[in-house]
Structures are given as structure tokens and as C-alpha cells.
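Coordinate inspection notes
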Amino acid sequence: MMTRRWDEDEELLDDLAAAMRDVDPTAQRVAAAAEGLYSWRTVDQELFLASLSFDSSAHATSPVRGDAGDARVLVFDAAPLSVELEVTADRITGQIIPPSPGEIVVEAESGPPVRLTADEHGFFVVTGLPTGRIRVRCDTTTSRVVTDWVVL
Amino acid sequence: MEDDESPITTLVAAAADGNARAWSEIVARYSPLLVGVIRRFRLSNAEVEDVAQTVWLRAVEHLAELREARAIPQWIIVTARREALRQVTMARRAQPHDPLDPGWSASLQTSVDPDDRLIYAERHDALLAGLAELPDRQRELILLLIANPPLTYEEIHRRTGIPIGSIGPTRKRALERLRRTEPIATHRDAGAEPVRSGGDRRDDATLG
């Protein structure tokens, strides 16, 4: 795409108008919907955010989620620990790495949170797949972590 | 006296500190840029809005990293591309695809600048990112000036309180301010020809 200098006011305004025309009214709807997302903000100073560092579905050659035996793998990294999730058609199998027991909460954007416990190897299983966006909280004896939101 | 300061750094700090109205202002200012980036991928309208929500949901938790004003458009563009690509890939995997179909490969494109600096190659990204960081009154005026259908200066005066005779000069100042924003200045510089002065011209004859 060729660059422009926009030395002329009219040219600059015309291009701005075109840029806004391309995104309205969607942009306004997006902004209105995004206001409510602020309530999801984590205020806890001692909570670590685990960022999504790997997603097998981002690679086009990965198996289709839902086929028997094929899983989507997600890895979230925080300073104290990582969380790995294996997502299949009917369940999420998770592990805290390095292995450690802990309390797990799976939060979905709508619907009640799901609470479970990770065993001494850090394993936990969520039966039944939430739809839409989820994030996972892990409380071990030494640290508290929440993952990035991810779309299932 | 027109306030020339970009409000973005203050808004992000306030939002990181618990101010919900600051957050609303941020999403209002940057949703046009966000939607523009996502639109470049082949997604339905519903998917575009969904990907946008995912990006904003991430942003809520990453506010502390975005304290520097110039970091925000970069973060939005990189995150939006990544999430849009994820959406495209997940949708495509459920259907057979033709690798020779140009639409398929176009949807997989993620151009990441090798220097890790974001060059505003996309004209509209530069414009929307620049507009997002203007001071309140200037941004408001520009939005009204580009409204469709067009508003009269009388109507603009009614909505903003700017005296009709001042609209022209304020418009000029706002556009000059817009050209100085980093996204737009960067885009303008990217297209600039290298300057060659007569005194130090090198030609093939003088090169070793």
C-alpha cells in the first residue's frame, strides 16, 4: 500500500473519512460492548497473569478439534508456574507445571464458575466444554495465577 | 488555550488504577483501529466483533504494560492480528480448503516487522491510531468534520460550542496536531524519498 504525505488538509480529511467509513458502525458497537469488560479486571496485586504462549490451533496443520483422540493444546506461562490445557470435544484436561496440587476455578464469561481440585501431580479434568471465552485460576500453596482469556 | 497534550497516557494510568470511565474512553478511541485491523482477515461481521471483544478482554488485564502511549496501537495491532488469525484458522480447519485459493492464503498473512518496530504501512491504521491520541476537543471536531452525511458549521457549533468563525482555524490546528502524532508521522516518513544534496553526491565512478 502506497504511503501518503497528507500535506493537504482536504486529502487528510478525505482519507480519515474513508478509514472511519470502513469500520463504522461496527466500531461503535464494539466500543459499547467493551465497556462492560472492565468488570473482569483483576485487582489482586499478588495474582500473576499467565499469558497464552502456545496454541496448537494456531497452526493450520493441527488436527481438527473434536476428532477422537485429537486435542487442542494451550499453554499459559506465568513466573511461578505454567498451566497446560488439552481441549477435546467433551472435556478439558489440565496440568499445573511444575506439578503441584491446587484449587482450580474455570471462569466463563457467562454462567457460574466451575471449581475443582488439581491432584498431587497437578492434574485436573473439566468434564463438559464451556462455550465461548474462558480463563483458569490456579491457587497453589505458594502462588495464585489466572490465565489470559481464551476462546474455546 | 488549546490543550495540546495527548490524554492517552493519563487515561491508561487511570484505567489501570480503577477508573472505569477512563477505560470507556480508551475503547471508544481505539475500537476503530481495532476493527480496521481485524477486518483485513476474512471473517464474518459476527466474528469481527467477537475477535474484538477477545482483544479488549485481554487488554483489561494488560493495562499496566501499556503505560507508554506509543505501546497501545502496537499492542492492539499485534494482538488483533494474532486473534483474528486464530479465528480464521479454527474456522477453516472445519472445512476443506483449497491452498491455491488466494483468499485462503491472504487470510493467513501476518506481516510482522522484523525489527519489532511497528511501521504504519497500512494507511488506515496510521490514520485511526493518530486520531485516537488527539486531545479531546480536536478529536471531537475532526469526527464531526468527517461525519456522513456532512454537518454544517452551524451544526458543529451547536454541538461543540466552538464559535463558527473559529472552526476553520481549530480544524487547521487539529490536522497539524494529527500530522505530528507518532503513527502518522511514521507513515509519512516511511514514504519519504532519501534526500540527496548536490555537494555529497556519490556516483558509481567514485565508489571503490
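Throughout this document, residue positions are counted from 1 along each chain, in the order its sequence is written. Whichever chain is written first is A, and whichever ligand is written first is 1; the rest continue in order. Residues qualify for local features only when their pLDDT is at least 70, as the model is predicted, and side-chain atom pairs are given and counted only at 80 or more; totals for whole chains, interfaces and linings, by contrast, use all residues. With hydrogens and water stripped out, all remaining heavy atoms of the structure feed into the side-chain values.

**Here we look at the overall build of chain A**
In DSSP terms, a helix is any run of H or I states spanning at least four residues, a strand is any run of E spanning at least two, and both are numbered starting from the N terminus. For chain A, the helix and strand inventory stands at 2 helices and 10 strands. For chain A, the spread of C-alpha atoms along the three principal axes comes to 65 × 40 × 30 Å. We get accessible surface area from the Shrake-Rupley algorithm with a probe of 1.4 Å; when it comes to residues, only the shown protein chains can shield them. About 7,700 Å² of surface is accessible on chain A, with carbon and sulfur atoms providing 52% of the total. Charged residues are defined here as Lys and Arg on the positive side and Asp and Glu on the negative side; His and the ends of the chain fall outside this count. Charge coordinates come from a single atom per side chain, which is NZ of Lys, CZ of Arg, CG of Asp or CD of Glu. Taking the average location of the 13 positive side-chain charges in chain A and that of its 26 negative ones, the two points are 4 Å from each other.

**Observations concerning the interface of chain A and chain B**
In this assembly, 55 residues from chain A lie in contact with 58 residues from chain B. As used here, buried area is the combined drop in accessible area, with a 1.4 Å probe, of two parts when they are placed together. Summed over the three residues of chain A that lose the most area to chain B, namely A:Trp6, A:Leu16 and A:Tyr38, the buried surface amounts to 13% of that side. The term salt bridge refers to a pairing of a side-chain nitrogen on Lys or Arg with a carboxyl oxygen on Asp or Glu at a separation within 4 Å. Here chain A is connected to chain B by 9 salt bridges. Think of a polar contact as two N or O atoms within 3.5 Å of one another; within protein, one of them needs to be a possible hydrogen donor and the other a possible acceptor, and neighboring residues in sequence only count if both atoms come from side chains. Our count for the contact surface shared by chain A and chain B stands at 23 residue pairs in polar contact (both at pLDDT 80 or more). Elements with a minimum of two residues in the side of chain A that touches chain B: helix 1 (9-23), helix 2 (26-35), strand 1 (47-55), strand 8 (133-139) and strand 10 (150-151) of chain A. Broken down by element, the residue count for the side of chain A that touches chain B peaks at 13 residues, all from helix 1 of chain A. The nonpolar class holds Ala, Val, Leu, Ile, Met, Phe, Trp, Tyr, Cys and Pro. Asp, Glu, Lys and Arg form the charged class, and all remaining residues, Gly among them, are polar. Among the residues forming the side of chain A that touches chain B, the class breakdown is 29 nonpolar, 7 polar and 19 charged. What makes two residues a contact is simply this: any of their non-hydrogen atoms within 4.5 Å.

**With respect to the packing of aromatic side chains**
Only centres within 6.5 Å qualify two rings of Phe, Tyr or Trp (six-membered ring in Trp) as a pair; their planes then separate them into stacked at under 30 degrees, edge-to-face at over 60, and tilted for everything else. Inspection of every chain in the model, using the stated rule, returns 3 aromatic pairs over all chains. Where A:Trp40 meets A:Trp149, the ring centres are 4.7 Å apart and the plane angle is 80°; that geometry is what we call edge-to-face. Taken together, the residues span a long stretch of sequence, with A:Trp40 in the loop between helix 2 and strand 1 and A:Trp149 in the loop between strand 9 (144-147) and strand 10 at a distance of 109 residues. Aromatic side chains B:Trp23 and B:Trp56 sit 5.7 Å apart centroid to centroid with 80° between the ring planes, which places their arrangement in the edge-to-face category. Linking B:Trp23 in helix 2 (residues 20-39) with B:Trp56 in helix 3 (residues 45-61), this pair joins segments that are 33 residues apart in sequence. Grouping residues by exposure puts B:Trp23 and B:Trp56 together as buried. Site record: aromatic cluster; members linked through ring pairs are A:Tyr38, B:Trp23 and B:Trp56. Throughout this description, buried means an accessible area under 20% of the type-specific maximum (1.4 Å probe, protein chains only), exposed means over 50%, and partly exposed covers the range between.

**Some thoughts on the pattern of salt bridges**
The tally for this structure, following the rule as stated, stands at 23 salt bridges over all chains. Of the charged contacts in the structure, one is a salt bridge between A:Glu107 and A:Arg137, with a shortest N-O distance of 2.9 Å. In this pair, A:Glu107 sits in strand 5 (residues 102-108) while A:Arg137 sits in strand 8, placing the two residues 30 residues apart along the sequence. Here the salt bridges share partners, and the residues they tie into one network are A:Asp55, A:Arg72, A:Asp148, B:Arg58, B:Glu83 and B:Arg86.

**As for the environment of B:Asp136**
Residues and elements named next belong to chain B. Relative to the elements of secondary structure, Asp136 occurs in helix 7 (residues 136-145). Taking the C-alpha atoms as reference, Asp136 lies 7.7 Å from Pro7; in sequence the two are 129 residues apart. Other than its neighbours up to four places away in sequence, Asp136 contacts Glu25 and Arg29.

**Points about the environment of A:Leu74**
Residues and elements named next belong to chain A. Positionally, Leu74 belongs in strand 2 (residues 72-77). Distance in space between the C-alpha atoms of Leu74 and Val150 is 9.0 Å, their sequence separation being 76 residues. Setting aside residues up to four positions removed in sequence, Leu74 forms contacts with Leu52, Phe54, Asp55, Val83, Glu84, Leu85, Val87 and Val150.

**A look at helix 2 of chain A**
All of the buried residues in helix 2 of chain A are A:Thr26, A:Ala27, A:Val30, A:Ala31 and A:Ala34. Down the axis, helix 2 of chain A shows its buried residues gathered within 135° of arc, on one side only. Along helix 2 of chain A, the residues that are exposed and aim more than 90 degrees away from the buried face are A:Gln28 and A:Ala32. The inward-facing, buried residues of helix 2 of chain A abut helix 1 of chain A together with helix 2 and helix 3 of chain B. For this quantity, the arc is that covered by the directions from the helix axis to the C-beta atoms.

**Some remarks on the packing of helix 2 of chain A against helix 3 of chain B**
The axes used here are C-alpha line fits, helices contributing only the stretch in contact, and every angle between their N-to-C directions lies in the interval 0 to 180 degrees. In contact at an axis separation of 10 Å, helix 2 of chain A and helix 3 of chain B are set at 40° when each is read in the N-to-C sense. Accordingly, the angle class assigned to the pair helix 2 of chain A and helix 3 of chain B is oblique. Helix 3 of chain B is crossed by helix 2 of chain A, and the crossing has right-handed handedness. Only B:Val48, B:Glu49, B:Ala52, B:Gln53 and B:Trp56 of helix 3 of chain B make contact with helix 2 of chain A, whose side of the interface consists of A:Thr26, A:Arg29, A:Val30, A:Ala33 and A:Ala34. Classifying every residue of the contact of helix 2 of chain A with helix 3 of chain B gives 6 nonpolar, 2 polar and 2 charged. Should an angle fall under 35 degrees it is called roughly parallel, over 145 degrees roughly antiparallel, and 65 to 115 degrees roughly perpendicular, with every other angle called oblique. Crossings are sorted by hand: turned counterclockwise from the far helix by less than a right angle, the near helix makes the crossing left-handed, and turned clockwise it makes it right-handed.

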